[in-house]
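Residue-level structural notes
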Amino acid sequence: MIIQDNEKRLFTLQTRSTTYQIKADQNGVLLHTYYGPKLSGGDLSRLIRFADRGFSPNPNEAGNDRTYSLDTLPQEYSGSGAGDFRLPSLELELSDGSYVADLRYIDAKLQSGKYTLEAMPAFFGSAEDADTLIITLEDAAAHVRVELLYGVFEAYDLITRAARIVNCGDTPVRLHRAASLCLDFPSADLDFITFDGGHVKERGLNRTRLRPGVQSVGSIRGISSHQHNPFVMLCEPGADEEHGTCYGAALLYSGNFEAAVERCQFEDARLTMGIHPFHFCWTLEPGQTFTTPEAALLCSPSGFGEMSRQFHRAIRAHLLRDVWQDRRKPILVNSWEAFYFDYDHDRLLRFAREAAALGMELFVLDDGWFGHRNDDCSSLGDWWVNKEKLPGGLGALSKEINALGMEFGLWIEPEMVSEDSCLYQAHPDWVLNPAGRPYTRGRCQLVLDYTREEVREYIFQALQKLLDNANISYLKWDMNRALTQVWSVALPSGRQGEVYHRYVLGVYALLERVRQANPHTLIEGCSGGGGRFDMGMLYYTPQIWCSDNTDAIDRLSIQYGTSFAYPPATMGAHVSAVPNEQTGRSVPLETRGTVALSGTFGYEMDLGTLSEEEKTLVVRQIQAYKESYELIQTGDYYRLTPPSPDGAPTAWLHVSSDRRSALLSVVSGQVHAGPPFRRVKLRGLDPALRYRLTGDDTPWPGDVLMQAGYPLPMLGEYQSLRLWLKAE
Ligand code: GLA
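Figured I'd write up the structure that's included with this text.

Let us look at the overall build of the chain. Assigned secondary structure in the chain consists of twelve helices and 38 strands. Compactness check: the chain gives a C-alpha radius of gyration of 27 Å against a globular reference of 27 Å for 728 residues, within 12% of the reference. For the C-alpha atoms alone, the extent of the chain along its principal axes is close to 85 × 70 × 45 Å. Across the 728 residues that make up the chain, the buried fraction comes to 63%. Contacts in the chain between residues far apart in sequence, at least 24 positions, make up 69% of those at least 6 positions apart. Here the chain displays about 26,500 Å² of accessible surface, and carbon together with sulfur accounts for 50% of that area. In the chain, 70 side chains carry a positive charge and 93 a negative one; their mean positions are 2 Å apart.

Here you go:
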């Protein structure tokens, strides 16, 4: 609900458990008065104190009042060069060469339903689900207006934000920074939590107390990146899964981003999030508008767990689209870790028969099926079948797979080109690279210039031909290198600062076109595993390959970190062979299943090497997936214990929304002789209900399981447990 008090120019955004308030003051400065646990309302600007602070200057409207400074006021969208020296939200370069951005309130309007963003991912919602507030600000001297967009999803405590920057003058304006969100906190006594790592070690949780100055994470790789996720948190120092106020902020964006927090001189803090200013410069001609990506904010007054569950619910209901929103995803088998590039038709078919016999439902042909690709140095861009490997083509292969009772899926990497390809030979200027500059290669490949319509058109036609000629119900959309030499022949020299962002818009445009032309095709996102695991991609690809690391023990941390913002059912998770190719570790098949079953389940190994005993276990796992999928897809997720280097078991719980059934998963780490007796305290159950646990005839009261805990059996190294709880 949005409460608008026009007289006081006061806007109160009320959600189920939180309040967010904005006020335009007597000078038209848009103040941020409060964000946190729900309050009854009223004008919270009385929380702001004024004092004469040395070296904090005063805007013209303040006259001789030296207590009024943009440098100390909590701002809703900070300017730059006009007296607020903290993190700016907006940086403009005007035609006279000045760099000032100084915004004042013009008006505000409410709309029912959620605003939409053209050509960019955004949460969606009808009048029943969401409301919109649009506040217009203006820098009168620059003739620039800023529309701040707020979407309020009351039931989910979700507040989305975006900004539209409009050049209302008659000379061009250059935009050097346009944040999606700016959030001021009255106290900097906060912890900053980020999700960091690299290829094969994505989204590890890091938590530190805010120190004076700016601390930030971001990406200048052209993708949201393996290294830092565009999701960050701020919380009270004592906050944990169940306690304390915490804030989560996500950017729905798959390119360069920056999330920065500043602990300021008076112990206040500011968070900004948006497109990374590195090499960003966007020219707004008179009358033109620039729209920022959307940011999503969620505050939980009761710890991280509830914040995550609210994000999960909101994403499931208002970000994932189309037929895949609620449908059970097929159990897939992927050829990559089974054969890499080394296969032919007969080998694939043998593999498919084995998979079908075990009950797998979707056969995914990974890399190596096109052009003359036998390693990763050729053929990207030549999206036609390699007839030496597959003489009958994809049409015939997909029919044979369908005849086995499985759907057929295909790997593609449409944003890339190999120099050893017909596409590159025909169009060497279609890559991102300044003329005359030697290439920087990544995995031997170059990046196509997706800012250009004709490049996207060519790729669309090539992909559509594949989709028209074979029965392909799934695409794995991969992207395997970072962007370098970012320069497009299609733009003049003064506009090269737009290329990074235009590239992302190009990817979104093509994804949307492919999706709309093939509404029943499930697209899984991938970027060398989880290099583009963000809410922007989820809008187009409702599941994303979580990591190229399939080691079940490493995956515990990767899936744990990912779960803070993203629902388990969006995480591609596969059982692979041992010893694991990334770590050399051998984890029992049962445990590999326990970990993969908590995501979007599949297998990625040579099934021909399985013993009869292992095959029986695979059949049981497939059955287990069918039994638990709905709970994992629609239920609530509780992180019970974090993955721990000292070997203590990692435990998590899926609970149905009526709290009558739950699924407990536990994986033990390294074990040393003489281990302690351990109990794990469950959460989210109904304390008054009694639950029957798998293999235990005596029911357990909910309050005992939650307050005293469930006594774990002695698990050996890397062993696991998967127990159903059913209310009597
Ligand atoms: C990337 C993906 C893998 C696989 C290979 C194929 O690394 O993350 O899953 O598809 O490419 O080359």
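From this point, things continue past the structure.
Neighbouring the ligand are 13 residues, the closest being Asp366, Asp367, Arg443, Lys476 and Asp548. Within the side chain of Asp366, one N or O atom sits 2.6 Å away from an oxygen atom of the ligand. Here an oxygen atom of the ligand and a side-chain polar atom of Asp548 are 2.5 Å apart. Across the complex, the protein chains shield 96% of the 310 Å² of accessible surface that the ligand would expose by itself. For the shell around the ligand, the class distribution of residues is four nonpolar, three polar and six charged.

At their nearest, the axes of helix α10 (residues 589-596) and helix α11 (residues 612-634) sit 10 Å apart, and the two run at 20° to each other. Taken together, the axis directions place α10 and α11 in an arrangement best described as roughly parallel. When the axes of α10 and α11 are compared, the crossing they make is right-handed. For the pair α10 and α11, contact is made by Leu589, Glu590 and Gly593 and by Glu614, Leu617, Val618 and Gln621, respectively. Class assignment of the residues belonging to the contact of α10 with α11 gives a composition of three nonpolar, two polar and two charged.

This part covers helix α1 (residues 303-318). Relative to the 22 Å expected for 16 residues at 1.5 Å per residue, α1 spans 23 Å between its end C-alpha atoms, a close match to the ideal helical length. With 15 of its 16 residues buried, α1 lies for the most part within the structure.

Moving on: the packing of aromatic side chains. Under the defined criterion, the tally for this structure stands at 35 aromatic pairs. Grouped by ring-pair contacts, the aromatic residues Phe195, Phe231, Phe304, Phe311, Tyr560 and Phe564 constitute a single cluster. Over the aromatic face of Phe266 sits the side chain of Arg53, whose NZ or CZ is 3.8 Å from the ring centroid. Between Arg513 and the ring centre of Phe460, over which it is positioned, the NZ or CZ distance is 3.8 Å.

Moving on: the nonpolar core. The tendency in soluble globular proteins is for nonpolar side chains to be buried side by side. The biggest cluster of nonpolar side chains holds 179 residues, and the ones touching the most others in it are Tyr77, Ile135, Ile165, Met360, Leu365 and Trp369. If you tally residues by element for this core, the top one is helix α7 (residues 499-517), at nine residues. Here Ile135 is in contact with Phe11, Ile22, Leu30, Tyr105, Asp107, Ala108, Val146, Glu147, Leu148 and Tyr150, once residues within four sequence places are set aside.

Attention now goes to the sheet that holds strand β28 (residues 543-545). Spatial ordering of the closed barrel is given by β21-β22-β23-β26-β27-β28-β29-β30, a layout of eight strands whose pairing is parallel. Adjacent strand axes in the sheet meet at a mean angle of 30°, parallel and antiparallel pairs treated alike. Pairing analysis gives two bridges linking β28 to strand β29 (residues 571-576), with the strands arranged parallel. Residue pairing across strands places Ile544 opposite Met571, the latter belonging to β29. Helix α3 (residues 345-358) contacts β21 (332-334) and β22 (362-365) of the sheet and is inclined by roughly 155° relative to β22. Sheet strands touched by helix α9 (residues 552-562): β28 and β29. Its angle to β29, the strand with the most contacts, is close to 170°.

What follows deals with the side chain of His226. Mapped onto the fold, His226 is located in the loop between β13 (213-219) and β14 (231-235). A polar atom in the side chain of His226 sits 3.0 Å from the backbone oxygen of Gly528. Ignoring anything within four residues of it in the chain, the contact list for His226 reads Asp196, Gly197, Gly198, His199, Glu202, Arg203, Ser527, Gly528, Gly530 and Gly531.

Before going further, it helps to spend a moment on the sheet that holds strand β4 (residues 30-37). Read across the sheet, four strands follow the order β1-β2-β3-β4 without closing on themselves; strand pairing throughout is antiparallel. The strands lining the two open edges of the sheet, one partner per strand, are β1 (2-5) and β4. Averaged over all adjacent pairs, the angle separating strand axes in this sheet is 10°, with direction ignored. With four bridges joining them, β1 and strand β2 (residues 10-14) adopt antiparallel strand pairing. Its bridge partner lying in β2, Ile3 is registered against Thr12.

Before going further, it helps to spend a moment on the pairing of strand β32 (residues 650-655). Taken across its six residues, β32 has six buried, putting it largely inside the fold. What you see with β32 is no split at all: Thr650, Trp652 and His654 on one side and Ala651, Leu653 and Val655 on the other are buried throughout. Of the strand pairs in this sheet, β32 and strand β33 (residues 661-667) are connected by six bridges, and their pairing is antiparallel. Its bridge partner being in β33, His654 is matched across the sheet by Leu663. Linking β32 back to β33 in an antiparallel pair, the connection comprises five residues, with Arg659 at a positive phi of about 65°.

Turning next to unusual backbone geometry. Following Val578, the chain continues to Pro579 via a peptide bond in cis, the omega torsion being -5°. Topologically, Pro579 is positioned in the loop between β29 and α10. Within the chain, Ser225 stands out as a residue other than glycine whose phi angle is a positive 95°. Of note, Ser225 is situated in the loop between β13 and β14. According to the relative accessible area criterion, Ser225 is buried, its value standing at 2%. In the Ramachandran plot, Ser379 falls in the positive-phi region, its phi being about 75° despite a non-glycine side chain. The topology assignment puts Ser379 in the loop between β22 and α4 (393-403).

Cut-offs and rules
- Residues numbered from 1 in each chain as written.
- Predicted model: local features only at pLDDT ≥ 70, side-chain atom pairs only at ≥ 80, totals over all residues.
- Heavy atoms only, no water.
- Helix = DSSP H or I, 4+ residues; strand = E, 2+ residues; numbered from the N terminus.
- Rg over C-alpha atoms; globule rule 2.2 N^0.38 Å.
- Buried < 20%, exposed > 50% of the residue type's maximum accessible area, 1.4 Å probe, protein only.
- Contact = heavy atoms within 4.5 Å.
- Areas by Shrake-Rupley, 256 points an atom, 1.4 Å probe, with all protein chains shown as cover.
- Lys, Arg positive; Asp, Glu negative; His and termini not counted.
- Charge placed at Lys NZ, Arg CZ, Asp CG, Glu CD.
- Near = heavy atom within 4 Å.
- Polar contact = N/O pair within 3.5 Å; in protein donor to acceptor, adjacent residues only side chain to side chain.
- Nonpolar A, V, L, I, M, F, W, Y, C, P; charged D, E, K, R; others polar.
- Axes fitted to C-alpha atoms, helices over the stretch in contact; angles between N-to-C directions.
- Parallel < 35°, antiparallel > 145°, perpendicular 65-115°, else oblique.
- Left-handed = near helix turned anticlockwise from the far one by under 90°.
- Expected span 1.5 Å × (residues − 1).
- Phe/Tyr/Trp six-rings, centres within 6.5 Å; stacked < 30°, edge-to-face > 60°.
- Lys NZ or Arg CZ within 6 Å of the ring centre and 35° of its normal.
- Core = buried A, V, L, I, M, F, W, Y, C linked by side-chain atoms within 4.5 Å.
- Pairing = 2+ DSSP bridges.

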